[in-house]
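# Results of the structural survey
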Amino acid sequence: MKFPGSVLVSLVLFMSETVAALCLSAGYHDTGNRMWQTLTLLFALVPCALVQLSLVFIHRDVSRDRPLVLLLHLLQLGPLVRCVEALYIYFHAGRVEDPYVSITKKRQLPKDGHSEEVEKEVGQTEGKLLTHRSAFSRVSVIQAFLGSAPQLTLQLYISVLQQEVTVARSVFMVLSLLSIVYGALRCNILAIKIKYDDYNVRVKPAAYLCIFMWRSFEIATRVTVLVLFGSVLKIWVFVVVLLNFLGFFLYPWILFWLSKSPFPENIEKELSRLGTTIVLCLLTFLYAGINMFCWSAAQVELSDPDLISKSQNWYRMTVYYIVRLMENAFLLLMWYIYRTDFYLYVCAPMLFLQLLIGYCMGIFFMLVFYQFCHPCKKLFSSSVTEALLSCFKILYLICQHQKSSLLTGKVVIKSPEKTDEARGSSKTIDSQNRNIHQSVSSNA
């Protein structure tokens, strides 16, 4: 039985970030910055409430009649209680034999083209611990992209406006960035385990390192680009954020409507149709929040029983990163054009290149992960490099087709001019011949 380290890390990040947010909001109150204080508290308390609701929903505490646990969740102490419970289960495991044991069958990853099926006994204690790990993985994703990501964007924006980075704010921003990266990492691992649920998957340290570097570069550059663009075009940044958010929020619903699948009823037996709709809306809300800052490894598919797509869609990922890179470059270009004297002491071209190179570095570590470090790369029908090459070939063919159409258009436009010139030259030749004929006849 593995030590619940992920549960402990999630709790430490959650508690430290909440305490730092409360301390920083108190500092804003002392300096009279009521708006920054309100926004900081809003981005800290709303995710806390969502985390408590998620833990209650996953553990089904309402139907189990646990009033003390519900009270602790109302006091925002739910994650602490859950972590203590998980550690208690781990350290007391094996002292008493489990009365109920379930047998799970997992397939080993193929070696030399062969895959063996292995049976494993899972006791009731280990099952409870797995539930705690799964719950904290989901909670980390919620905290990261509905709390830490907006919080990091806000604090960096305040630092740019005030031209000052205090110690408390810098510590808070580092904690927020670590929380986002960790949430994205847990999202990657969660997606792998859902997609390859039939296999015994083990993630190596090199894979964790690649994911950490990939997400760090991707998220840090994305937040910086949004802050720089918002500092010079304050209204337009809301338009960009709103279009991104609505696009990713509605995308799973559009795919679900086009698939003409029945409405999912197997989420929770006790939920009504309205409750199921609310849960699905919250899920797509989280999906939009993730894709606002980085690529969501877990693609929502409402027509699937698990609500997560199990296919590895390289083309969707490639299109996302191409469009996102173009969007970041456009936002940076707008910042470069409309920058004010506020950025007089900043080397704008160098910062422009550094941010684009940083985002490309994130894409590079993503390619390294999927090509060499993914635990299930042997099960891929095609590699990510092949998908990239095919996408570039398609783009090349589209460009060639547009060039050929432009050339044919130019030929069509030029051809009437040439015919007019030919007609004009023929008329001049005829007139010259007539003059010569008249001169010859007069001489005669």
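Residues numbered from 1 in each chain as written. Predicted model: local features only at pLDDT ≥ 70, side-chain atom pairs only at ≥ 80, totals over all residues. Heavy atoms only, no water.

### Considerations on a nonpolar patch on the surface
For clarity, the threshold we go by: Each patch groups residues whose relative accessible area exceeds 30% and which form no salt bridge, using 9 Å between like charges and 5 Å between nonpolar side chains of Val, Leu, Ile, Met, Phe, Trp and Tyr. Note on areas: Shrake-Rupley, 1.4 Å probe, and residue coverage restricted to the protein chains presented here. Should a side-chain nitrogen of Lys or Arg be within 4 Å of a carboxyl oxygen of Asp or Glu, the pair is scored as a salt bridge. Strands here are runs of E lasting at least two residues and helices are runs of H or I lasting at least four, both read from the DSSP assignment and numbered beginning at the N terminus.
On the surface, Leu242, Leu246, Leu250, Tyr251, Ile254, Leu255, Trp257 and Leu258 cluster together into a nonpolar patch covering about 800 Å² of accessible area. Here Leu242 lies in helix H8 (residues 234-259).

### Side note on the side chain of Gln299
Selection rule: Burial classes follow relative accessibility: with a 1.4 Å probe on protein chains only, a residue under 20% of its type's maximum area counts as buried, one over 50% as exposed, and anything between as partly exposed. Should any heavy atoms of two residues lie within 4.5 Å, those residues are considered in contact.
Within the secondary structure, Gln299 is located in the loop between helix H9 (273-293) and helix H10 (314-338). Classification of Gln299 as buried rests on a relative accessible area of 6%. Aside from chain neighbours lying at most four places away, what touches Gln299 is Tyr287, Leu307, Ile308, Ser309 and Arg316.

### A short note on the state of the cysteines
Using the following cut-off: Two cysteine sulfur atoms form a disulfide, by the criterion used here, when they sit within 2.5 Å.
Under the definition given, this model contains zero disulfides. Cys294 forms no disulfide, and the closest cysteine sulfur to it belongs to Cys187, at a distance of 7.3 Å. Judged by its relative accessible area of 1%, Cys294 is buried.

### A few points about the pattern of salt bridges
The tally for this structure, following the rule as stated, stands at four salt bridges. The shortest N-O distance in the salt bridge between Glu218 and Arg215 comes to 3.0 Å. In this pair, Glu218 and Arg215 both sit in helix H7 (residues 205-232), three residues apart, roughly one turn of the helix. Comparing Glu218 with Arg215, the two get one shared label, buried. Here the salt bridges share partners, and the residues they tie into one network are Arg222, Arg324 and Glu327.

### Thoughts on the nonpolar core
Note the cut-off: What we call a nonpolar core is a set of buried Ala, Val, Leu, Ile, Met, Phe, Trp, Tyr and Cys residues that are connected through their side-chain atoms within 4.5 Å.
The biggest cluster of nonpolar side chains holds 61 residues, and the ones touching the most others in it are Phe145, Ile219, Phe229, Ile290 and Leu332. Of all the elements, helix H5 (residues 124-162) adds the most residues to this core, at 13 residues. Discounting residues that sit within four places of it in the chain, Phe145 has contacts with Pro150, Ile180, Gly183, Ala184, Gly289, Ile290 and Cys294. With 29 residues, the next largest nonpolar core counts Tyr196, Trp214, Phe365 and Val368 among its residues.

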